[in-house]
Amino acid sequence: FPAVRSFPAPSRVSLVKARDVEARLEKLSDGFWRDTSTVTKSDVDTFSFINFVYETNAVPSAAEGFVFDLRVDAPQPHTRETVVFVELADGARFILNTGVDMMTAGCTRVLVPFARLRPWGATPKTRAFEPAQTRSIQFGFGGNFGVAGDVITFAVSEPKVYKQEQ
C-alpha cells in the first residue's frame, strides 16, 4: 500500500467548466469539495473540473503521485471515467484518465502516478512531467455528451501525495 501524506493546501480552489454547464462549487464540513454541474444544452461536449491552484512548489520531491478520495453519493450514470489534468509553472499540461467512473455510489481512492501522466494539448509529446513545477491540479469529468437538465454531482478531497512503501 502507498504511504499517503498531505502537502500544503492550495492557495485557491475554483471550477473549470464547459460553456454549456452551470456549476456550483462548495467546500463541505469534512474538507471535501463538491461540484454540482447541470448540463444546459443537449448533445454537446461538456466537462467540469475542480481546480486546485498552487502559487509555489508544494509537491515533495520523494512523491510518486497524487491521490484523491472521490465520493459519489448517488450513481452518476451519464458520466465517463474521471480525468485529472496537471498544469506546470510554464503552462505545460498533462492528463490522466483515471479508470475510475462515477456510476457507483461510494468513496474510492484514486491514485495518479506521475509516470502515467501524459502531455496534453499543445504540450510537446516529448515533454517530461516535472512534479516540482506543479501549479494546478484539476479533477473532474469530460467528454460528456449529455442531455439538458442532467445533473452531475461528486465530491473530492484536496490532493495528497503518495510514495509506494517497500
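Since the structure is predicted, the reported quantities are computational estimates derived from the model, not experimental observations.

S.K.: How would you sum up unusual backbone geometry? Please name residues and give values.
M.R.: When glycine is set aside, most residues are seen to have a negative phi, and most peptide bonds are trans. In this model, D43 sits at a positive phi of 60 degrees, which is unusual for a non-glycine residue. By secondary structure assignment, the location of D43 is in the loop between β4 (33-39) and β5 (45-53). By relative accessible area, which is 61% here, D43 ends up exposed.

S.K.: I'd like to hear about the side chain of T36, residue by residue, with values.
M.R.: Within the secondary structure, T36 sits in strand β4. Among all residues touching T36, those that are not within four sequence positions of it are E22, A23, R24, V151, I152 and T153.

S.K.: Pulling in residues and values, what's your account of the environment of M102?
M.R.: Looking at the secondary structure, you find M102 in the loop between β8 (93-97) and β9 (106-113). Assessed through its relative accessible area of 0%, M102 is described here as buried.

S.K.: Which residues make up the pairing of β8, and what are the values?
M.R.: In the case of a regular strand, side chains alternate between the two sheet surfaces. As paired elements, strand β7 (residues 83-88) and β8 share five bridges and run antiparallel to each other. When the sheet's bridge partners are listed, V84 is paired in β8 with L96. Summarising the sheet, β8 and strand β10 (residues 118-119) pair through two bridges and their orientation is antiparallel. Looking across to β10, one finds that I95 is bridged to R118.

So, how was this worked out
Residues numbered from 1 in each chain as written. Predicted model: local features only at pLDDT ≥ 70, side-chain atom pairs only at ≥ 80, totals over all residues. Heavy atoms only, no water. Helix = DSSP H or I, 4+ residues; strand = E, 2+ residues; numbered from the N terminus. Buried < 20%, exposed > 50% of the residue type's maximum accessible area, 1.4 Å probe, protein only. Contact = heavy atoms within 4.5 Å. Pairing = 2+ DSSP bridges.

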